[in-house]
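# Fold and geometry: a report
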Amino acid sequence: MGVEVILGIFFKGDDNFRVSANPIKKMFTPYRRRAMVPPWASREMLATVFDRFLNLGAPEEASGFAGRVRAAQIAAVRRYTPWMMIANIANALLVTVCFFGTPYLPAIALWATVVILVAAFALIRAWPKLTEPARATASKRGIRRSVIHALILGGIWAVLPGFFALGDMEQRAIVAAVVAGMLCGSGFALATIAPAAIAFAGMLALGSTMAVVLAPGFTTMALLALNSIYIAVIMVSALSLARTLRERIEAQIRSEEQRDYISLLLSDFEEHGSDWLWMIDHRGRVQHVSSRLTEKLHKPEAELIDRRALACLPLPPRTARSEDERRQLTVLMRAIKARQTFRDLELTVEIDGWPQRWALTAKPIFGLDGHFEGYRGIGRNVTEASVARRRMEHLARFDVLTGLANRATLMDHLESGFSRVRRKGGGFALLLIDLDHFKAINDTQGHPVGDELLVEAARRLQALVGDTDLVARLGGDEFAIIMDGEVEPERVGAMASRAIRALAHPFELSAGVVAQTGASIGIAAAEAGGDPTALIRHADLALYRAKHGGRNRFAFFEPAFEASAQRRHRLERDLRDALDAGILELAFQPIADATTLRISSCEALVRWTHPQFGPVSPAEFVAIAEESGLIGRLGKFVVEAACRAALAWPDHVRVAVNLSPVEFRSPALFACVRHALEVTGLAPDRLELEITESLFLEQGGHVDATLSALRRLGVRIALDDFGVGYSSLSYLRRYQFDKLKIDRSFVQGLADGPQSPAIIAAVVAMAGNLETAIAAEGVETAQQLETLRSLGCGLIQGYFIGRPMPADAITTNLWQTLDRPQSGAA
Ligand code: C2E
Ligand code: CA
Ligand code: CA
């Protein structure tokens, strides 16, 4: 700043004239003290006024920017200083020249010499500083110095109006013009430091007033008036310019600070982060990439800069791109084309031959005039996260063991299937598949073998269905198939049959295990009004039917199943209450010698009279008890009640108790039987347990163990319903049964042809060898009795001998009436 430099003459460049030991300063200080404190003002007051003046247009000290704003203000003034000094010299010379030939030339020349010396010195000092970098901050002292410098230079120029009175018209005009020029020029050059501009203009105003005093007159007055207007304009302009500058500088400083901060963060990011920065221009050509990326790509930066960004991406070869990869690229290119901001857009790339996932995030950049300048963004390697995410997604959608779709995926497919049916019509079918006997295999062979079986079952189903339909595993040994297309019962039924056949083949598993299962299938058709939950319930009800109709079957859902399911639920709840209330009863049906008709035993048959439905068949509620876990309590009641009833009978009459397979497989069974014998005191060989063939289909180690434990206890074992279902005779050799009960269906088929008699004869022959008693069930007529007797069947049971009856009916009349051969059916 010019004035500062000018004062440098006096202060020899000492920046701090207040503390310096400079003699000139010493010379000034006492003067200042004396001169600047008029008697009517306190020194403090003046100091405050001066301070206020210095702060004109300056930012608040507390704003934190003050130092930097001051430095910027001073730097702006300093930029003009050399030009202003040249103008000072030129103006001084001009004034001198125009007073040539007048008596005042020596005085003018002296004044001009002072101006030129001061200006020249200032110029010399200021010139090199033009190229110096501006200081970052400046103290208030810098401003104060500028103001003092302005005062001094202004003071020197204020002498010029004094010459105005001495000159002629021409010289007066020149002086007036030069004063006005200096006023405006310096005023604006100093404008960023408002107090300096005001000080300078103020000095010139003083000088101008002096001229009026020396040369009163209209012109002088008019010039003074003009000058006053200029001065006012300059002061106001300086103040407002100072404010504008200050605001701009403040904004600039703030943005610089922000930029510094951001670039600090960015460089830190590029150095230490795992992500990289990139920038492309409006043509899509790379302008910047982080070194981390160039390292990754094994390419020097120079090779990437100005190349098309897409060509720089290490994409997999065009021919090897998957559908998904092509889609990602399209999304990216579309976003760039639309100048859209995008976030975490994933791309598959290939680095060193390995696929990686990159996530790109970027923002378009627009110039001030709104034209597109390119993109700036970051890239991240998200391979690990993406692999983990995909794994999670896969886990969430697929069964880990078999790789089939899981329940959630099935639900999604059903959902979308339904919405398609609603929109476009058509249909689809849901097949629920349940493997038979899987639990037994899993329990006896171990879980690894069970898993192997499930995997193989899944493979067979998948092979059957192909790619068009969905196969899912719902958990455990439950599978499902969604068959798309119109539900034609023949087509769907054929598929179900094929699935049953496929699963019926023996499974050859590791360690030489060969397992045989079967499958039951429930089928439900989707209707436009339905929903996934209802469809699954329908298929489930159909599956229940299929299972209970004998395994290896399929059943289509029928609306009546809903009603029977409701009845089952109701019965289940009421059976629990009935067991609690002890309202179940036993009926007994006699079994007699086919020849003598003497009663040898009575079969206990449980009876339940439902308060609302009346008598419920044990065939129905025993199954419900099995499913709901009530069978243990039911069995305990039956065994104990049967043993207790038998105590009242003749010693040679046994009691037979039915045990369902589920009941028999329960680990608690043996203890239950032993306990019943203990509490009642019945001789064990008077208790006969009836088991069915199906027990041996899902056999496990403990079936054998329980059977032999019961035998050791002395209890007899009868094989019930012989001949139905699974006609495998192998277990007849494996186990020693005390009695075989030929199923009712054979007895009823006796009159229909030679088949039944032949089978009965064969069984009788075989049983003879095995030393097992043979009983025929369901004998209703004398004719049947006759035939059975002739076939060699030793025992008979049926309405012909006696219907199931209450325990007291047996004790009061049966022994008397039925022990005689001629007595008829009850
Ligand atoms: P089941 O063991 O075959 O029992 C014989 C069934 O045949 C009885 O039906 C009996 O009433 C019926 N019946 C007997 N003689 C004749 C005849 O001449 N003609 C015809 N048409 N039927 C005859 P119920 O009492 O309805 O029992 C059905 C099944 O329920 C039984 O078949 C048995 O498996 C099961 N059950 C009955 N009571 C119990 C029990 O206490 N525990 C268990 N676990 N099951 C039981
Ligand atoms: Ca029975
Ligand atoms: Ca039976």
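Structure first, text after, so check above.
Described in the following lines is the structure provided in the data block. (Residues numbered from 1 in each chain as written. Chains lettered and ligands numbered in written order. Predicted model: local features only at pLDDT ≥ 70, side-chain atom pairs only at ≥ 80, totals over all residues. Heavy atoms only, no water.)

Once that is clear, we can look at the environment of Leu204. Along the polypeptide, Leu204 turns up in helix α9 (residues 194-214). For Leu204, the residues in contact, after removing those within four places along its chain, are Gly154, Trp157, Ala158, Val179, Met182 and Leu183. (Helix = DSSP H or I, 4+ residues; strand = E, 2+ residues; numbered from the N terminus. Contact = heavy atoms within 4.5 Å.)

It is worth spelling out the environment of Ser419 at this point. By the element assignment, Ser419 lies in helix α16 (residues 407-424). Of the residues examined, Ser419 reaches a relative accessible area of 27% and is grouped as partly exposed. In sequence terms Ser419 and Asp531 are 112 residues apart; their C-alpha atoms lie 9.2 Å from each other. Only 3.0 Å separates the side chain of Ser419 from the backbone oxygen of Ser416, close enough to count as a polar contact. (Buried < 20%, exposed > 50% of the residue type's maximum accessible area, 1.4 Å probe, protein only. Polar contact = N/O pair within 3.5 Å; in protein donor to acceptor, adjacent residues only side chain to side chain.)

Take helix α20 (residues 532-548) next. Between its terminal C-alpha atoms α20 stretches 24 Å, which fits the 24 Å expected from 17 residues at 1.5 Å a residue. Listed in full, the buried residues belonging to α20 are Pro532, Ala534, Leu535, Ile536, His538, Ala539, Leu541, Ala542, Leu543, Tyr544 and Ala546. Buried positions along α20 lie against α16, β6 (428-436), β11 (518-525), β12 (554-556), α21 (560-581) and α22 (618-628). Its side-chain oxygen 3.0 Å from the backbone nitrogen of Thr533, Asp531 forms the N-cap of α20. With its phi angle positive at about 100°, Gly550 sits one or two positions after the end of α20. (Expected span 1.5 Å × (residues − 1).)

Here His538 is to be found in helix α20. Among the residues examined, His538 registers a relative accessible area of 14% and is labelled buried. Within the local environment of His538, its side chain forms a polar contact with the side chain of Glu562, the two groups lying 3.1 Å apart. Setting aside residues up to four positions removed in sequence, His538 forms contacts with Ala524, Phe557 and Glu562.

We now examine the sheet that holds β6. Strand order across the open sheet formed by five strands is β7-β8-β6-β11-β12, with mixed pairing between neighbours. Both edges of this open sheet fall to β7 (470-475) and β12, since each of them pairs with a single strand only. Taken over all neighbouring pairs, the strand axes of this sheet differ in orientation by 20° on average, direction set aside. Pairing analysis gives three bridges linking β11 to β12, with the strands arranged parallel. Each residue of the ladder has a partner; that of Ile521, found in β12, is Phe554. (Pairing = 2+ DSSP bridges. Axes fitted to C-alpha atoms, helices over the stretch in contact; angles between N-to-C directions.)

Attention now moves to the site of ligand 1. For ligand 1, the set of nearby residues contains 23 residues, the closest of which are Gln589, Arg607, Arg744, Glu780 and Tyr799. Asp720 places a polar side-chain atom, nitrogen or oxygen, 2.9 Å from an oxygen atom of ligand 1. In the environment of ligand 1, a nitrogen atom lies 2.5 Å from a nitrogen or oxygen atom belonging to the side chain of Glu780. Mapped by element, the contributors of at least two residues to the shell around ligand 1 are β14 (599-610), α22 and β18 (716-722). If you tally residues by element for the shell around ligand 1, the top one is β14, at four residues. (Near = heavy atom within 4 Å.)

Our focus in this paragraph is unusual backbone geometry. A positive phi angle, close to 55°, is found at Arg339, a residue other than glycine. Position of Arg339 relative to the elements: it lies in the loop between α14 (323-337) and β3 (342-351). With a phi angle near 60°, Leu597 is a residue other than glycine that sits in the positive phi range. Its place among the elements puts Leu597 in the loop between β13 (585-593) and β14.

Along the chain, the position of Ser228 falls in helix α10 (residues 218-272). With relative accessibility at 37%, the residue Ser228 sits in the partly exposed group. In the structure, Ser228 is positioned 530 residues away from Ala758 in sequence and 144 Å away in space, judged by C-alpha atoms.

Once that is clear, we can look at the coordination of the calcium ion (ligand 2). Tetrahedral coordination by four donors sets the ideal angle at the metal to 109.5 degrees; octahedral coordination by six donors sets it to 90 or 180 degrees. The protein atoms that coordinate the calcium ion (ligand 2) are Glu603 (OE), Asn658 (OD1), Glu690 (OE) and Asp720 (OD), at distances of 2.1 to 2.3 Å. Mapped onto the polypeptide sequence, the residues donating to the calcium ion (ligand 2) form the spacing pattern E-x54-N-x31-E-x29-D. The metal-metal distance between the calcium ion (ligand 2) and the calcium ion (ligand 3) is 3.8 Å, with Asp720 coordinating both. Pair noted here: Glu603 is in strand β14 and Glu690 is in strand β17 (residues 687-692), with a separation of 87 residues, a long-range link. Take Glu603 and Glu690: they sit in the same class, and that class is buried. (Donors = N, O, S within 2.8 Å, 3.2 Å for Na, K, Ca; no water.)

The calcium ion (ligand 3) binds to the protein through Asp720 (OD), Asp721 (OD), Glu777 (OE) and Glu777 (OE), with metal-donor distances spanning 2.0 to 2.6 Å. Mapping the donors of the calcium ion (ligand 3) onto the primary sequence gives the spacing D-D-x55-E.

Take the packing of aromatic side chains next. With the rule as written, the count across this model stands at 14 aromatic pairs. Measuring from centroid to centroid gives 5.1 Å for Trp111 and Trp157, while their planes differ by 85°, and the two rings are edge-to-face. Residue Trp111 is located in helix α5 (residues 105-129), and its partner Trp157 is located in helix α6 (residues 140-158); the two are separated by 46 residues in the primary sequence. On the basis of relative accessibility, which here comes to 0%, the residue Trp157 falls in the buried class. When the centroid spacing of 4.7 Å and the interplanar angle of 65° are considered together, the rings of Trp276 and Trp358 count as edge-to-face. Residue Trp276 is found in strand β1 (residues 276-281), and its partner Trp358 is found in strand β4 (residues 354-366); the two are separated by 82 residues along the sequence. Its end group placed over the ring of Phe372, Arg339 keeps NZ or CZ at 3.7 Å from the ring centre. (Phe/Tyr/Trp six-rings, centres within 6.5 Å; stacked < 30°, edge-to-face > 60°. Lys NZ or Arg CZ within 6 Å of the ring centre and 35° of its normal.)

Attention shifts here to the sheet that holds strand β5 (residues 372-381). Pairing within the open sheet is antiparallel, and its five strands lie in the order β2-β1-β5-β4-β3. One side of each edge strand has no neighbouring strand; the edge strands of this open sheet are β2 (286-289) and β3. The sheet shows a mean angle of 25° between the axes of neighbouring strands, direction not considered. Two strands pair when backbone bridges link them, and β4 and β5 are joined in this way by nine bridges, in the antiparallel orientation. Among the inter-strand pairings, Ala362 is bridged to a residue of β5, identified as Gly377.

Take it as geometry only, folks, not as evidence of what the structure does.
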